[in-house]
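# Architecture and fold: a report
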Amino acid sequence: MQAVSPTRSQDRVPFSHMLIYGTGAFVNNLLAGAFGAMLIILNLGLGMDPALVGLVASIPRFFDALTDPVMGYISDNTRSRWGRRRPYIFVGAIAVGLVFMAIWQLPDGRSEMFYFWFFLIGSLIFYTAYTVFAAPWVALGYEITPDYHERTRLMGTQNFIGQLAYFIPPWLLPLMQDTRHFDNMVDGAGGLAIALGVLMIAGGILPAIFLRERVRIIAMAEMPMSSRQHGWSLMQTATHRVRDFLQGFAKALSFKPFLKLCLATFLVFNGFILIASFSTYVIIYYVWAGDTVKGAEYAAYAGTVGTLSTFVVIAFVTWLATRIGKRLTFAISTGISMLGYALKWFCYQPDNPWLVVLPAPLLAFGLGGLFTLMPSMMADIVDLDELETHKRREGMYGSIYWWVVKLGMTAALAGGGFLLNATGFKVELGGAQSESTITLLRLCDALIPVIASAIAIWAVATLGIDQQAAENTRKALDARRGAPDPLPA
């Protein structure tokens with residue numbers, strides 16, 4: 001067990017600031033969750049072909065993943081009286097809220113292709129505004145405190161608050177169909193979009209207004225003199241900017257500690273996404289022998305228990321990491337989730353269907369621990385990169401990290417369908433699926449995340465950045481370029 005170094009008073013983040021940074025997480029998760037949950041009206045409310053709905057959903061997300069690193073680079077290299085991050089967070093929050101309101105105000109009586117192009121173009125604008133807000137917000141979190149353990153407390157708090165957003169999307173479809181307030185589902189989407197847009201704007205601008213960029217002056221001092229003498233629009237030539245962006249992108253992708261964090265996240269998160277639907281299939285077609293109503297009901301019970309457990313997991317992981325370190329805590333939390341996946345084989349049984357809820361609290365340790373610890377470790381990596389390159393690139397690292405996550409999620413979602421077909425599952429057979437199909441479904445559901453998580457534990461264990469290494473990096477940086485600005489009292 002590592003000795004716990006006390007957090008210096010100047011590095012402690014006021015709890016109010018943690019909450020404010022957490023509002024950004026709430027908005028970030030709400031944007032993604034609400035947008036995805038409301039897409040169903042294109043099919044159910046407007047009759048759009050499901051294939052076109054799939055294109056409308058996937059094309060903007062692919063575009064979003066590509067723009068993330070560009071926005072991260074712009075944020076890192078912006079110089080303004082208000083800082084590198086805050087102007088974009090403020091403008092982005094307002095823009096994304098307004099665009100979200102607008103794209104759901106769908107006109108009546110138009111053709112299917114009108115709705116397709118209307119929503120596709122609107123979605124591309126929406127995700128552009130989303131990136132303008134989210135990429136700088138993520139980067140801001142890496143510089144709020146330089147303390148090894150305070151970073152974990154900050155990221156634990158923001159993850160906890162961010163999870164609250166996931167309670168909203170499941171209720172959007174019922175609310176859109178509430179005839180007491182709306183004429184129809186499409187009208188309901190338009191009304192809810194206005195309320196959600198206002199909430200997004202109100203929560204999204206708070207980090208820009210109340211938080212401060214502690215390394216803004218340091219970042220400016222460590223930039224080349226030519227970059228410090230000019231505003232963004234006058235910064236040398238476009239060719240130089242592209243070359244500088246590509247060099248930074250390549251540097252990040254060749255930085256081994258960063259690659260290991262990306263690998264661990266990819267394995268844990270996409271190991272879960274790849275088989276995300278398999279649990280429901282196992283519960284419906286094995287536990288309940290094809291009864292979709294009962295199967296969906298018990299799958300919902302398990303999902304609800306897992307969601308509620310995540311809040312406890314985040315608090316526990318945050319507490320544990322500040323006592324034994326991030327790497328060991330990651331191994332423990334991910335190991336507990338592996339136990340949960342393995343328990344599915346024994347608990348998903350027809351003779352006692354209530355056992356399906358038993359693995360759920362253990363499974364919550366997977367993603368709950370992952371998205372509490374990874375941002376904290378990412379901040380340590382940004383410091384190490386600065387030590388080697390003399391550049392502060394929170395935006396680049398944060399955006400590439402999420403670029404990897406998003407592209408991996410896209411591949412996992414597509415791969416899940418192919419994997420389901422590979423088991424031999426045929427929906428027209430209902431509860432008469434073959435024994436081999438049921439066995440393969442159960443094996444994929446339990447085994448794939450266990451294998452992926454085990455490799456992730458190895459990747460983080462060999463990261464090479466523990467508390468002592470992080471503190472040594474900070475001392476070297478402080479000696480070379482001075483300490484970050486103190487937090488306001």
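One structure accompanies this document, and this report is about it.

The rules behind these values
Residues numbered from 1 in each chain as written. Predicted model: local features only at pLDDT ≥ 70, side-chain atom pairs only at ≥ 80, totals over all residues. Heavy atoms only, no water. Helix = DSSP H or I, 4+ residues; strand = E, 2+ residues; numbered from the N terminus. Rg over C-alpha atoms; globule rule 2.2 N^0.38 Å. Buried < 20%, exposed > 50% of the residue type's maximum accessible area, 1.4 Å probe, protein only. Contact = heavy atoms within 4.5 Å. Areas by Shrake-Rupley, 256 points an atom, 1.4 Å probe, with all protein chains shown as cover. Patch = residues over 30% accessible without salt bridge, like charges linked within 9 Å, V, L, I, M, F, W, Y side chains within 5 Å. Salt bridge = Lys/Arg side-chain N within 4 Å of Asp/Glu carboxyl O. Core = buried A, V, L, I, M, F, W, Y, C linked by side-chain atoms within 4.5 Å. 1 Å grid on protein atoms, 1.4 Å probe; cavity = no way out; pocket = protein on both sides within 12 Å on 5 of 7 lines; lining within 4 Å. Points joined across faces, edges and corners; volume = space filled by probe spheres on them. Nonpolar A, V, L, I, M, F, W, Y, C, P; charged D, E, K, R; others polar. Polar contact = N/O pair within 3.5 Å; in protein donor to acceptor, adjacent residues only side chain to side chain. Disulfide = S-S within 2.5 Å. Phe/Tyr/Trp six-rings, centres within 6.5 Å; stacked < 30°, edge-to-face > 60°. Lys NZ or Arg CZ within 6 Å of the ring centre and 35° of its normal. Axes fitted to C-alpha atoms, helices over the stretch in contact; angles between N-to-C directions. Parallel < 35°, antiparallel > 145°, perpendicular 65-115°, else oblique. Left-handed = near helix turned anticlockwise from the far one by under 90°.

## What about the overall build of the protein?
Helix and strand counts for the protein stand at 20 helices and zero strands. A compact globule built from 489 residues would reach a C-alpha radius of gyration of about 23 Å, and the protein, at 23 Å, matches this within 12%. The principal-axis extent of the C-alpha atoms belonging to the protein is close to 70 × 60 × 40 Å. Taken over 489 residues, the protein has a buried fraction of 53%. A sequence separation of at least 24 residues applies to 83% of the contacts in the protein between residues at least 6 apart. When the accessible surface of the protein is totalled, it reaches about 20400 Å², and 69% of it is carbon and sulfur.

## Topic: a nonpolar patch on the surface
A contiguous nonpolar surface patch, about 610 Å² in accessible area, is contributed by Leu263, Leu440, Leu443, Leu447, Ile451, Ile455 and Trp458. Along the chain, the position of Leu263 falls in helix α13 (residues 256–274).

## Here's the deal with the nonpolar core
Ranked by internal contacts, the top residues of the largest apolar core, which has 129 residues, are Phe100, Trp104, Phe126, Phe258 and Phe330. At 14 residues, the largest contribution of residues to this core is made by helix α5 (residues 112–143). Once residues lying within four places of it in the same chain are set aside, the contact partners of Phe100 are Ala34, Phe35, Met38, Phe126, Ala193, Leu196, Gly197 and Met200.

## Observations regarding empty space enclosed by the protein
Tallied over the entire structure, the rule returns four cavities of 30 Å³ or more. Looking at the largest cavity, its volume works out to about 80 Å³. Around the largest cavity, the lining comprises 13 residues; the ones closest to its centre are Pro146, Arg151, Asp383, Arg481 and Pro484. Looking at the lining of the largest cavity, the elements with two or more residues in it are α5 and α20 (467–481). When residues in the lining of the largest cavity are grouped by element, the largest group, four residues, is from α20. Of the residues belonging to the lining of the largest cavity, the class tally is five nonpolar, one polar and seven charged.

## Some points on the environment of Thr372
Mapping Thr372 onto the fold places it in helix α17 (residues 360–389). As for Thr372 and Trp403, which are separated by 31 residues in sequence, their C-alpha atoms are 18 Å apart. At a separation of 2.8 Å, a polar atom in the side chain of Thr372 contacts the main-chain carbonyl oxygen of Gly368.

## So, the side chain of Ser399
By secondary structure assignment, the location of Ser399 is in helix α18 (residues 394–422). Within the structure, Ser399 has its side chain in polar contact with the backbone oxygen of Met396 (distance 3.1 Å).

## Section: the layout of surface pockets
Unoccupied space between atoms shows up once a probe the size of one water molecule is rolled over them. Counted as a void, the second largest pocket has a volume near 240 Å³. If you go around the second largest pocket, you meet 19 residues; those closest to its centre are Pro146, Tyr148, Ala470, Glu471 and Arg474. Among the elements of the structure, α6 (148–163), α17 and α20 are those that each provide at least two residues to the lining of the second largest pocket. It is α20 that provides the largest number of residues to the lining of the second largest pocket, a total of six residues. Classifying every residue of the lining of the second largest pocket by side-chain character gives seven nonpolar, three polar and nine charged.

## Section: unusual backbone geometry
The backbone of Ala289 sits at a positive phi, close to 50°, despite the residue not being glycine. By the element assignment, Ala289 lies in the loop between α14 (278–287) and α15 (292–324). What makes Ala289 exposed here is its relative accessible area of 54%.

## So, the state of the cysteines
Following the criterion strictly, the structure yields zero disulfides and no others. The cysteine Cys444 is free of any disulfide, with Cys347 supplying the nearest cysteine sulfur at 19 Å. A relative accessible area of 13% means that Cys444 is categorised as buried.

## A short note on the packing of aromatic side chains
Summed over all chains, the structure comprises 33 aromatic pairs. Both rings, one in Tyr21 and one in Trp137, keep their centres 4.7 Å apart while their planes meet at 15°; by these two values the pair is stacked. Here Tyr21 is found in helix α1 (residues 15–38), whereas its partner Trp137 is found in helix α5, with 116 residues between them in sequence. Assigned by exposure class, Tyr21 and Trp137 land together as buried. If you follow Arg110 out to its NZ or CZ, it ends over the ring of Phe114, 4.8 Å from the centre. Taking NZ or CZ as reference, Lys326 lies 3.9 Å from the ring centre of Tyr148, over its face.

## Overview of the packing of helix α16 (residues 326–347) against α17
Remark: α16 packs on α17, axes separated minimally by 8 Å, with the N-to-C direction vectors making an angle of 155°. In terms of axis orientation, α16 runs roughly antiparallel to α17. In the crossing of α16 with α17, the sense of the turn from one axis to the other is left-handed. Across from Lys326, Thr329, Phe330, Ser333, Ile336, Ser337, Leu339, Gly340, Tyr341, Leu343 and Lys344 in α16, the residues of α17 making contact are Leu362, Leu363, Phe365, Gly366, Gly369, Leu370, Leu373, Met374, Ser376, Met377 and Asp380.

## Brief notes about the side chain of Ser75
Looking at the element boundaries, Ser75 is found in helix α3 (residues 50–76). Apart from the residues lying within four places of it in its own chain, the contact partners of Ser75 are Arg84, Arg85, Tyr88 and Pro136.

## Some words on the pattern of salt bridges
Counted under the stated rule, the structure contains 24 salt bridges. A salt bridge links Glu394 to Arg85, with the nearest nitrogen and oxygen atoms 2.7 Å apart. With Glu394 in helix α18 and Arg85 in the loop between α3 and α4 (86–103), the pair connects residues that are 309 residues apart, well separated along the chain. For the pair shown, Glu394 and Arg85 are each scored as buried. The residue Asp445 makes a salt bridge to Lys344 at a minimum N-O spacing of 3.0 Å. Here Asp445, found in helix α19 (residues 435–461), pairs with Lys344, found in helix α16; they are 101 residues apart in sequence, far enough to count as distant. For Asp445, a relative accessible area of 1% corresponds to the buried category.

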